[in-house]
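Residue-level listing of the chains:
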Amino acid sequence: GESVGLHLPTLSVQEGDNSIINCAYSNSASDYFIWYKQESGKGPQFIIDIRSNMDKRQGQRVTVLLNKTVKHLSLQIAATQPGDSAVYFCAANTGNQFYFGTGTSLTVIP
Amino acid sequence: NAGVMQNPRHLVRRRGQEARLRCSPMKGHSHVYWYRQLPEEGLKFMVYLQKENIIDESGMPKERFSAEFPKEGPSILRIQQVVRGDSAAYFCASSPGMVAGQETQYFGPGTRLLVL
């Protein structure tokens, strides 16, 4: 199986600062990872993904870093905005199944 | 291209009643997954289905819960004789496939079940 956990359950950042959300996974066989954003009362929304043959991938204002040696994944959000306030969680794909972390609640302070 | 659709968005049932949750995957997606989420917890896998087939139901309770994805129509998650502990948000996700490059799962808005 797989165990996925996030390092901090809550994170508060000032508007305009960069945010970093971290995630650890346990199974070295996990080969595909996704970051999701979940706003209150809504379903998880795909943000960015990365495969195990990469160590970095960039999107619009977001960057995902993968360190397979220590089984660590991070999501960086540049110039954090109030609309970024949500719960963020990572998912690791092992075989046929995705395993999800419990999430980090990001609060953006205006 | 419409996303994953789920209905109802909210469902209230009394103990002992049946709950039926529906999920229509994204267009072109033939793989459906059901998850349960309790407050302050992560998503817990329940079942993975393709059209007319259950591929993996290892996360689904053996009793009272069943799922189907018929050839025509939405996927249905059925909970019989609901109990208060079934109260949760149930999310459906879909993907084009499960091989590399097709396994990204996109989620619906969820059905929030409340059992009185």
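Before reading on, note that the structure itself is shown above.
Computed from a predicted structure; not experimentally measured.

A. Just the overall build of chain A, in detail. Each helix and strand counted, chain A has zero helices and eleven strands in total. N-terminal to C-terminal, the α/β element order of chain A is β-β-β-β-β-β-β-β-β-β-β. Here the C-alpha atoms of chain A give a radius of gyration of 13 Å, agreeing with the 13 Å that 2.2 N^0.38 yields for 110 residues. The principal-axis extents of the C-alpha atoms in chain A amount to approximately 40 × 25 × 20 Å. Buried positions account for 45% of the 110 residues belonging to chain A. In chain A, 52% of the contacts between residues at least 6 apart in sequence involve partners at least 24 apart. When the accessible surface of chain A is summed, it comes to about 5200 Å², and 46% of that surface belongs to carbon and sulfur atoms. Positive and negative side-chain charges in chain A, numbering 8 and 8 respectively, have mean positions lying 4 Å apart.

B. Main features of the environment of Gly-103 of chain A. Among the secondary structure elements, Gly-103 of chain A is positioned in the loop between strand 10 (97-100) and strand 11 (104-109). Linking Gly-103 of chain A and Leu-8 of chain A, residues 95 residues apart in sequence, is a C-alpha distance of 8.3 Å.

C. Region of interest: the packing of aromatic side chains. Under the definition given, this model contains 13 aromatic pairs over all chains. Ring geometry for Phe-46 of chain A and Tyr-106 of chain B: centres 5.6 Å apart, planes at 45 degrees, overall tilted. Note that Phe-46 of chain A is positioned in strand 5 (residues 45-51) and Tyr-106 of chain B in strand 10 (residues 106-107), a pairing that runs across two chains. An aromatic cluster is present here, built from Tyr-32, Tyr-36, Phe-89, Phe-98 and Phe-100 of chain A together with Tyr-35, Phe-45 and Phe-107 of chain B joined pairwise through their rings. The lysine or arginine in question, Arg-51 of chain A, covers the ring of Tyr-32 of chain A, its NZ or CZ lying 4.2 Å from the ring centre.

D. Molecular detail of the side chain of Thr-104 of chain B. With respect to the helices and strands, the residue Thr-104 of chain B is situated in the loop between strand 9 (88-95) and strand 10. Of the polar contacts made by the side chain of Thr-104 of chain B, one reaches the side chain of Tyr-32 of chain A; its length is 2.4 Å.

E. Structural detail: the pattern of salt bridges. All names here are of chain B. Under the counting rule described, the total for this entry stands at seven salt bridges over all chains. Between Arg-20 and Glu-18 there is a salt bridge; the shortest N-O distance is 2.8 Å. Overall, the relative accessible area of 37% leaves Arg-20 in the partly exposed class. Its relative accessible area of 29% is what places Glu-18 among the partly exposed residues. We note a salt bridge from Arg-78 to Glu-18, for which the minimum N-O separation is 2.8 Å. Of this pair, Arg-78 sits in strand 8 (residues 75-79) while Glu-18 sits in the loop between strand 2 (10-13) and strand 3 (19-24); the two residues are 60 residues apart in sequence, bridging distant segments of the chain. It is possible to trace a salt-bridge network through shared partners that takes in Glu-18, Arg-20 and Arg-78.

F. Geometry of the interface of chain B and chain A. Counting from both sides, the interface comprises 22 residues of chain B and, opposite them, 20 residues of chain A. Carbon and sulfur atoms supply 53% of the area that chain B and chain A bury against each other, a total of about 1600 Å² over both sides. Summed over the shared surface of chain B and chain A, the number is one salt bridge. Here Glu-103 of chain B and Arg-51 of chain A are joined by a salt bridge, their closest N and O atoms 2.9 Å apart. The tally of links from chain B across to chain A stands at six residue pairs in polar contact (both at pLDDT 80 or more).

G. Here's a closer look at the sheet that holds strand 8 of chain B. All names here are of chain B. Pairing is antiparallel in the open sheet, where four strands are placed in the order 1-3-8-7. In the strand order of this sheet, the two ends are held by strand 1 (5-7) and strand 7 (65-68), each with one partner. Ignoring which end each strand starts from, the neighbouring axes of this sheet average 15 degrees apart. In the sheet, strand 3 pairs with strand 8 via five bridges, with the strands oriented antiparallel. Across the sheet, residue Arg-20 finds its bridge partner in strand 8, namely Arg-78.

Cut-offs applied
Residues numbered from 1 in each chain as written. Chains lettered and ligands numbered in written order. Predicted model: local features only at pLDDT ≥ 70, side-chain atom pairs only at ≥ 80, totals over all residues. Heavy atoms only, no water. Helix = DSSP H or I, 4+ residues; strand = E, 2+ residues; numbered from the N terminus. Rg over C-alpha atoms; globule rule 2.2 N^0.38 Å. Buried < 20%, exposed > 50% of the residue type's maximum accessible area, 1.4 Å probe, protein only. Contact = heavy atoms within 4.5 Å. Areas by Shrake-Rupley, 256 points an atom, 1.4 Å probe, with all protein chains shown as cover. Lys, Arg positive; Asp, Glu negative; His and termini not counted. Charge placed at Lys NZ, Arg CZ, Asp CG, Glu CD. Phe/Tyr/Trp six-rings, centres within 6.5 Å; stacked < 30°, edge-to-face > 60°. Lys NZ or Arg CZ within 6 Å of the ring centre and 35° of its normal. Polar contact = N/O pair within 3.5 Å; in protein donor to acceptor, adjacent residues only side chain to side chain. Salt bridge = Lys/Arg side-chain N within 4 Å of Asp/Glu carboxyl O. Buried area = accessible area lost by both parts, 1.4 Å probe. Pairing = 2+ DSSP bridges. Axes fitted to C-alpha atoms, helices over the stretch in contact; angles between N-to-C directions.

Distances and angles like these do not, on their own, reveal function.
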